[in-house]
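The lines below spell out each chain.
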Amino acid sequence: MSKVGEEYEEIDLPEQIAVRMDKRERLNALGSAYPVTLPITHTIEATKAKYPNLEQDIATGDQVGLAGRIMFLRNTGKLCFATLQSGSGERIQAMISLDKAGQEQLDSWKDLVDLGDHVFVEGEVITSKRGELSVLATKWLMAAKTLRPLPNLHNELGEEFRVRHRYIDLIVRDRAREVVKIRAGVMQSIRNTFAKQAFIEVETPMLQVMHGGASARPFKTHSNAFDTDLYLRIAPELFLKRAVVGGLERVFEINRNFRNEGADRTHSPEFAMLEAYEAYGDYHTMMDLTQALIQNAASDVLGTQVVQLEDGTVNDLSGTWPRVSMYESLSEACGVTVTPETSVAELKKLADTVGIEIDHPLHGKYVEELWEHFVKPGLTGPAFVIDFPVDTSPLTRDHRSKAGVVEKWDLYIMGYEQATGYSELVDPVVQRERFVAQMQLAATGDPEAMKLDEEFLKALEFGMPPSGGLGLGIDRLLMSLTGLGIRETILFPLVK
RNA sequence: GGGCCUCUAGCUCAGUUGGUUAGAGCAACGGACUUUUAAUCCGUGGGUCGUCGGUUCGAAUCCGACGGGGCCUACCA
């Protein structure tokens, strides 16, 4: 332990780290444990692709120099085998033999190389006597010495360890890498769908003087320079609408929202949100668009709209998704006709009979709670629930023909809310009235009630064209496509 | 926020009713091995049993507090 680095000398190192620290020192004495560059000529992927089906015990004559992380190590007296893995998870075998590499290199390999190290090997591409595609090395170099041991590859890692050490999860678990690729592919597909319809992608503020655009509790922070409290955004809606006022008539944003609320299998404190606005669209066109975005993503990334989930069940996203009225489906399911005129007292009575404990001044809150109790559990496939109560949707336009409801829908997939869409409220006078109603609600102690945003109202006063808007949770879309929990769809979810 | 469960070696896990020095596999260390595939064989080391406190002759084990994690529940998407 005499050669360990200064920083580490104070600490009583675990045995395996101390051993590797010593090897690092010896590698540095010989050259470098972390060389700046290596004479790489081929990737593992390219090498494997070139020889997909070689017979056993073949010498190709092809010389390559390639690098990878050691996942398995099988050393014998005069011939060593190692399984090298690339970042994409492709593997190839390296062989270090006495007669090709020489005594010195064979000894240093056995002495200095550990599981998990990044190594470079140079030599001929061959197949072993068992037919394994291999590089028979004439030379090897350390590419990057690993100081900590990799977990054993024969047991699944614990859930907590995987989330806290996602980089290790990515090294050892194929599915972890796959999910990252699926997510990237979905983002790409969504952007393609928008591009084909002439939508422009923008970025709007995450730090906001006033949070708005949704009903939720915000994270609060402080700007020293402006000496003012700021909020992390709970939604981009009010800024995207300003963009539409400004003439960006088809606009979308994919970015993070932050909500200071509970976390579970379908909720994360920070989550990726897609919002889109289309001038001269309405909530019908947004349903069409949402269905296209999701179906295209499934087709582009998974090659099918009938998606096989993690647990083996099937999530069928194909076809045209049904659009069911909230009031009608509720009336049908509970056996009592519920309309926007039904009084809070009657709704409370209905809630009491099925044991829903709720005490709230708003008619809409009851209708939504009752709907979730009576109708939601029966929704299996994707379905749009349309025409919501007016008092719980302050940013949505009144229905064009039905009194007391607004042109809003929620999309449910696998039982959870996947997306929402409106015919946007663009009348600045009505919007002000809705904000005032929200403020009265806030005065009664509702911490999620919206604030009156004068700057947003000012923008509306300059004229926003009739528009449709949609919001879609990206993490939840990944859940719909994979069947994973939200923390598995996020590369580095929040951990305490 | 409320309820239940859980934390043992680098990783995955055993550990009986409270009883000697806390075990296994992989990983590590020493040795053997020129065709292995989770290589094999022989040998060795590695633990503040989450933390602190209590009960007891004796605590990984029982009790309490705190911390981490999970599930259910409530709020939200």
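Structure report, in brief.

Reading the values: the criteria
- Residues numbered from 1 in each chain as written.
- Chains lettered and ligands numbered in written order.
- Predicted model: local features only at pLDDT ≥ 70, side-chain atom pairs only at ≥ 80, totals over all residues.
- Heavy atoms only, no water.
- Helix = DSSP H or I, 4+ residues; strand = E, 2+ residues; numbered from the N terminus.
- Buried < 20%, exposed > 50% of the residue type's maximum accessible area, 1.4 Å probe, protein only.
- Contact = heavy atoms within 4.5 Å.
- Near = heavy atom within 4 Å.
- Polar contact = N/O pair within 3.5 Å; in protein donor to acceptor, adjacent residues only side chain to side chain.
- Arc of directions from axis to C-beta.
- Core = buried A, V, L, I, M, F, W, Y, C linked by side-chain atoms within 4.5 Å.
- Phe/Tyr/Trp six-rings, centres within 6.5 Å; stacked < 30°, edge-to-face > 60°.
- Patch = residues over 30% accessible without salt bridge, like charges linked within 9 Å, V, L, I, M, F, W, Y side chains within 5 Å.
- Areas by Shrake-Rupley, 256 points an atom, 1.4 Å probe, with all protein chains shown as cover.
- Salt bridge = Lys/Arg side-chain N within 4 Å of Asp/Glu carboxyl O.
- Pairing = 2+ DSSP bridges.

If you trace the backbone, Ser-86 turns up in the loop between β2 (79-85) and β3 (91-97). Looking at Ser-86, the relative accessible area reads 12%, which means it is buried. In the structure, Ser-86 is positioned 32 residues away from His-118 in sequence and 9.4 Å away in space, judged by C-alpha atoms. Not counting chain neighbours up to four residues away, the residues in contact with Ser-86 comprise Ile-44 and Glu-45.

Close to RNA strand B lie 47 residues, the nearest being Glu-15, Ser-128, Arg-130, Asn-152 and Arg-476. When the atoms of RNA strand B within 4 Å of the protein are grouped by moiety, sugar and phosphate amount to 53% of the total. Measuring from a phosphate oxygen of RNA strand B, one finds a side-chain N or O atom of Lys-365 at 2.5 Å. The side chain of Arg-487 places a nitrogen or oxygen atom 3.1 Å from a phosphate oxygen of RNA strand B.

This part covers the environment of Ala-333. Within the secondary structure, Ala-333 is located in helix α10 (residues 326-334). Through-space distance from the C-alpha of Ala-333 to that of Phe-374 is 5.9 Å; in sequence the pair is 41 residues apart. Non-local contacts of Ala-333, meaning those with residues more than four positions away in its chain, are made with Phe-374 and Val-375.

This next bit is on helix α14 (residues 454-461). Because each turn of an α-helix spans 3.6 residues, side chains separated by three or four positions in sequence point in the same direction. Those residues of α14 not exposed but buried are Phe-456, Leu-457, Ala-459 and Leu-460. Along the long axis of α14, the arc covered by the buried residues comes to 155°, so they all point the same way. Residues of α14 that are buried in the fold lie against α8 (237-245) and α13 (428-443). Where α14 begins, one side-chain oxygen reaches toward the backbone nitrogen of Glu-455, 3.2 Å away; that side chain belongs to Asp-453. At the exit of α14 stands Gly-463, carrying a positive phi of roughly 95°.

All right, on to α10 then. Considered for burial, the residues of α10 that qualify are Met-326, Tyr-327, Ser-329, Leu-330, Ser-331 and Cys-334. Elements in contact with the buried residues of α10: β14 (323-325), α11 (344-353), α12 (363-374), β15 (383-389) and β16 (405-413). With a side-chain oxygen lying 3.4 Å from the backbone nitrogen of Tyr-327, the N-terminal cap of α10 falls on Ser-325. Gly-335 sits one or two residues past α10 and shows a positive phi near 80°.

Further remarks concern the nonpolar core. With 35 residues, the main nonpolar core has Ile-190, Phe-194, Leu-274, Trp-409, Leu-470 and Ile-474 as its most contacted residues. The element contributing the most residues to this core is helix α9 (residues 283-302), with eight residues. For Leu-470, the residues in contact, after removing those within four places along its chain, are Leu-274, Glu-275, Ala-276, Met-286, Leu-289, Thr-290, Leu-293, Trp-409, Thr-420 and Gly-421. In this structure, Cys-80, Ala-82, Ile-96 and Trp-140 belong to the second largest nonpolar core, which totals 26 residues.

Here we take up the packing of aromatic side chains. This structure, assessed with the given rule, holds seven aromatic pairs. Centre to centre, the rings of Trp-371 and Tyr-412 are 5.2 Å apart; their planes meet at 45°, and the pair counts as tilted. Placement of the pair is Trp-371 in helix α12 and Tyr-412 in strand β16, with a sequence separation of 41 residues. Relative accessible area serves as the criterion here: at 1%, Trp-371 is assigned to the buried category. For the ring pair Phe-435 and Phe-456, a centre distance of 6.3 Å and an interplane angle of 80° mean the geometry is edge-to-face. Of this pair, Phe-435 sits in helix α13 while Phe-456 sits in helix α14; the two residues are 21 residues apart in sequence, bridging distant segments of the chain. Using a relative accessible area of 1% as the deciding quantity, one classes Phe-435 as buried. Put simply, the rings of Phe-194, Phe-199 and Phe-252 pair up and form one aromatic cluster.

Nonpolar side chains collect at one region of the surface, where Val-180, Leu-491 and Phe-492 lie side by side and expose about 260 Å² of accessible area between them. Take Leu-491: it is sitting in the segment after α16 (486-489). Classification of Leu-491 as partly exposed rests on a relative accessible area of 35%.

When you tally the buried positions in β3, you get six out of seven residues, the bulk of the element. In this sheet, β3 lies alongside β2 in antiparallel orientation, the contact comprising seven bridges. Looking across to β3, one finds that Ala-82 is bridged to Ala-94. Hairpin connection of β2 to β3: five residues between the antiparallel strands, including Gly-89 at a positive phi of 95°. Two strands pair when backbone bridges link them, and β3 and strand β5 (residues 133-144) are joined in this way by four bridges, in the parallel orientation. If you follow Gln-93 over to β5, its bridge partner there is Ser-134.

Pairing is antiparallel across the open sheet formed by three strands, whose spatial order is β7-β9-β8. Each having just a single partner strand, β7 (207-208) and β8 (220-223) make up the two edges of the open sheet. Bridge count between β8 and strand β9 (residues 228-232): four bridges; the pairing is antiparallel. The residue of β9 that forms the bridge with Lys-220 is Tyr-231.

Notably, Asp-57 is not glycine yet its phi reads approximately 55°, a positive angle. The residue Asp-57 is located in the loop between α3 (44-50) and β1 (59-75) in this model. Positive phi is not limited to glycine here, since Asp-227 has a value of about 45°. Along the polypeptide, Asp-227 turns up in the loop between β8 and β9.

Now for the side chain of Glu-488. Take Glu-488: it is sitting in helix α16. On the accessibility criterion, Glu-488 (13% relative accessible area) is buried. The contact partners of Glu-488, leaving out residues within four places of it in the chain, are Glu-159, Arg-162, Val-163, Arg-166, Arg-173 and Val-179.

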